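Listed below are the residues making up each chain.
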Amino acid sequence: MTAIAWSLLAVALMLAAPTSRVRARVAVLASRGRLAGATAPVSLRARGETQLQRPLSPRRQLLRRRRSLRDAIRLLVSELEAGSSTERALLAAVDAADARSGAVFLAAAGAVSNGGSAGDIFSQAEPMLRPLGAAWGVADRAGIAPAEALARIAADLDAELDKDAAVSVMLAGPRSSALLLAGLPLLGLLLGAAMGARPLPFLVGSSVGHVVGVIGIGLDAAGVLWTQRLIALALR
């Protein structure tokens with residue numbers, strides 16, 4: 001959606017250009033940029049490299065890690081409740097976790113095999129995994145099974161994931177509004193042309209039209225960017 005806003009700004013720059021030659025130059029540069037973006041994956045495949053993929057946003061990466069950690073904890077709890085040793089349960093959880101978390105689970109299994117504590121390893125890990133160390137320490141001090149405390153962490157992760165899903169559903173309306181806002185200038189041009197008002201010749205063929213077009217498209221792009229900003233703040 002941000003790309004739409006920048007496209008609107010590019011159109012505004014074309015309208016604001018003082019001469020047709022400058023406008024043509026802006027159009028050529030824009031077309032080159034679109035062509036380069038469209039042909040980049042093709043050139044990568046031609047060189048035998050992997051196909052270019054759009055990277056995940058930080059929020060999506062965080063959600064993916066939370067899901068994998070929840071699945072790993074559930075598997076760990078299941079193994080412990082089934083009577084597996086702590087080392088074996090931790091090794092089983094490695095396959096369900098992502099690479100970073102799996103490395104910590106593997107290190108915890110190694111610590112247990114050497115007579116150490118898995119809770120100490122998790123307590124020294126990144127913030128996402130430290131609750132596992134705290135739960136393990138509480139279980140050791142209270143003399144209860146670690147599976148019970150770990151199951152509560154999995155339940156907390158479930159609640160966080162449910163909350164994120166609810167926020168995404170609530171933001172579907174604002175996202176649609178932003179898309180509608182981005183398309184309003186084109187809709188206005190089409191309606192004006194259908195009524196015989198000839199809006200496009202007015203916008204590109206007169207100084208007043210240039211000013212009106214630049215202001216209108218600039219405000220529309222600012223509205224899209226501002227909506228995107230509000231959505232990003234709501235997702236934090």
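Note that the structure is predicted; figures quoted are calculated from it, not measured.

What counts, and where the lines are drawn
- Residues numbered from 1 in each chain as written.
- Predicted model: local features only at pLDDT ≥ 70, side-chain atom pairs only at ≥ 80, totals over all residues.
- Heavy atoms only, no water.
- Salt bridge = Lys/Arg side-chain N within 4 Å of Asp/Glu carboxyl O.
- Buried < 20%, exposed > 50% of the residue type's maximum accessible area, 1.4 Å probe, protein only.
- Helix = DSSP H or I, 4+ residues; strand = E, 2+ residues; numbered from the N terminus.
- Patch = residues over 30% accessible without salt bridge, like charges linked within 9 Å, V, L, I, M, F, W, Y side chains within 5 Å.
- Areas by Shrake-Rupley, 256 points an atom, 1.4 Å probe, with all protein chains shown as cover.
- Phe/Tyr/Trp six-rings, centres within 6.5 Å; stacked < 30°, edge-to-face > 60°.

K.L.:
For this particular structure, what's the right way to read the pattern of salt bridges?
P.N.:
It is possible for side chains bearing opposite charge to pair when their charged atoms get close. For the structure on display, the rule yields seven salt bridges. A salt bridge links Asp 71 to Arg 70; the shortest N-O distance between them is 3.4 Å. Assessed through its relative accessible area of 33%, Asp 71 is described here as partly exposed. A salt bridge links Glu 126 to Arg 100; the shortest N-O distance between them is 3.0 Å. With a gap of 26 residues between them, Glu 126 in the loop between helix H6 (118-123) and helix H7 (130-142) and Arg 100 in helix H5 (residues 99-113) connect regions that are remote in the sequence. Overall, Arg 100 belongs to the exposed group, its relative accessible area being 54%. Several salt bridges converge on common partners, so that one network encompasses Arg 65, Asp 98, Arg 100 and Glu 126.

K.L.:
Help me understand a nonpolar patch on the surface in this model?
P.N.:
Together, Leu 180, Leu 184, Leu 187 and Leu 191 make up a nonpolar patch on the protein surface, roughly 380 Å² of accessible area in all. Relative to the helices and strands, Leu 187 is located in helix H9 (residues 172-194).

K.L.:
Any chance you could explain the packing of aromatic side chains here in plain terms?
P.N.:
To describe a pair of aromatic rings, you give the distance between the ring centres and the angle between the ring planes. Throughout the structure, instances matching the rule amount to two aromatic pairs. Note on Phe 105 and Phe 122: the rings are 5.1 Å apart at their centroids and 70° apart in plane angle, and the pair reads as edge-to-face. With Phe 105 in helix H5 and Phe 122 in helix H6, this residue pair connects regions lying 17 residues apart in the sequence. Here Phe 105 matches Phe 122 in class, with each residue buried. Centre to centre, the rings of Phe 122 and Trp 136 are 6.0 Å apart; their planes meet at 20°, and the pair counts as stacked. Here Trp 136 lies in helix H7 and Phe 122 lies in helix H6, a separation of 14 residues in the sequence. Looking at Phe 122, the relative accessible area reads 0%, which means it is buried. In this structure an aromatic cluster arises from ring pairing among Phe 105, Phe 122 and Trp 136.

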